[in-house]
Amino acid sequence: MTADDKGALGDVPDKTLERTAATFGLLASPARLRILQALAQGETNVTNLLEQVGGAPSTISQHLAALKRAELVGARRDGRRQVYFIEAPAVLTVMRLVGEQLSARPAPTIASPRNTP
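Below: a short report on this structure. Small disclaimer: the values here were computed from a predicted structure and weren't measured. (Residues numbered from 1 in each chain as written. Predicted model: local features only at pLDDT ≥ 70, side-chain atom pairs only at ≥ 80, totals over all residues. Heavy atoms only, no water.)

## Some remarks on the nonpolar core
The condition that has to hold: Put simply, buried Ala, Val, Leu, Ile, Met, Phe, Trp, Tyr and Cys residues joined by side-chain atoms within 4.5 Å make one nonpolar core. When a residue's accessible area, from a 1.4 Å probe over protein chains only, is under 20% of the maximum for its type it is buried; when over 50% it is exposed; and in between it is partly exposed. Helix and strand definitions here come from DSSP, where helices need a minimum of 4 consecutive H or I residues and strands a minimum of 2 consecutive E residues; each element is numbered from the N-terminal end.
I35, L36, L39, L49, L64, L67 and V73 are the most contacted members of the largest nonpolar core, which has 16 residues in total. Secondary-structure elements contributing two or more residues to this core are helix 3 (30–39), helix 5 (57–69) and strand 3 (81–86).

Right, dumping it as structure tokens:
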């Protein structure tokens, strides 16, 4: 870590840190990451998302609602369908950067809670 990396966040207010933590918590779902990955290819509706990422329609809708509340995804009406799109493109940059960082090194061995003393 360089000196620039250490100060990259600056003096972030507690409220912003709390929102950031909540957003990272929201992104802790592989299903939500798959949805964002699919939306990175362009706006689409729930039917197309189901084809791309799988899962139950109600589950996809719940994930989309959570992503909308966090203002990461937006939606607009197109006739009778709701079309979803990336509202915060920076989240894709974060996903890419974290993915690149993790791909560059071997996965750590995580002990199962049952096997730890």
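## Topic: unusual backbone geometry
A positive phi is found at E71, a non-glycine position, where the angle reads about 60°. Structurally, E71 is set in the loop between helix 5 and strand 2 (73–78). With a relative accessible area of 53%, E71 lands in the exposed category.

## So, the sheet that holds strand 1 (residues 44–45)
For clarity, the threshold we go by: Pairing between strands is defined by DSSP: at least two bridges between the two strands are required. Every residue pair with non-hydrogen atoms within 4.5 Å of one another is taken to be in contact. Between N-to-C directions, angles cover 0 to 180 degrees, with each direction set by a line fitted to C-alpha atoms, over the stretch in contact for helices.
Pairing is antiparallel in the open sheet, where 3 strands are placed in the order 1-3-2. With partners counted over all chains shown, the strands left at the sheet margins are strand 1 and strand 2, one partner each. Here strand 2 runs beside strand 3; their pairing, made up of 6 bridges, is antiparallel. Paired with R77 across the bridge in strand 3 is Q82. Sitting on the sheet, helix 3 is in contact with strand 1, strand 2 and strand 3, with an inclination near 90° to strand 3.

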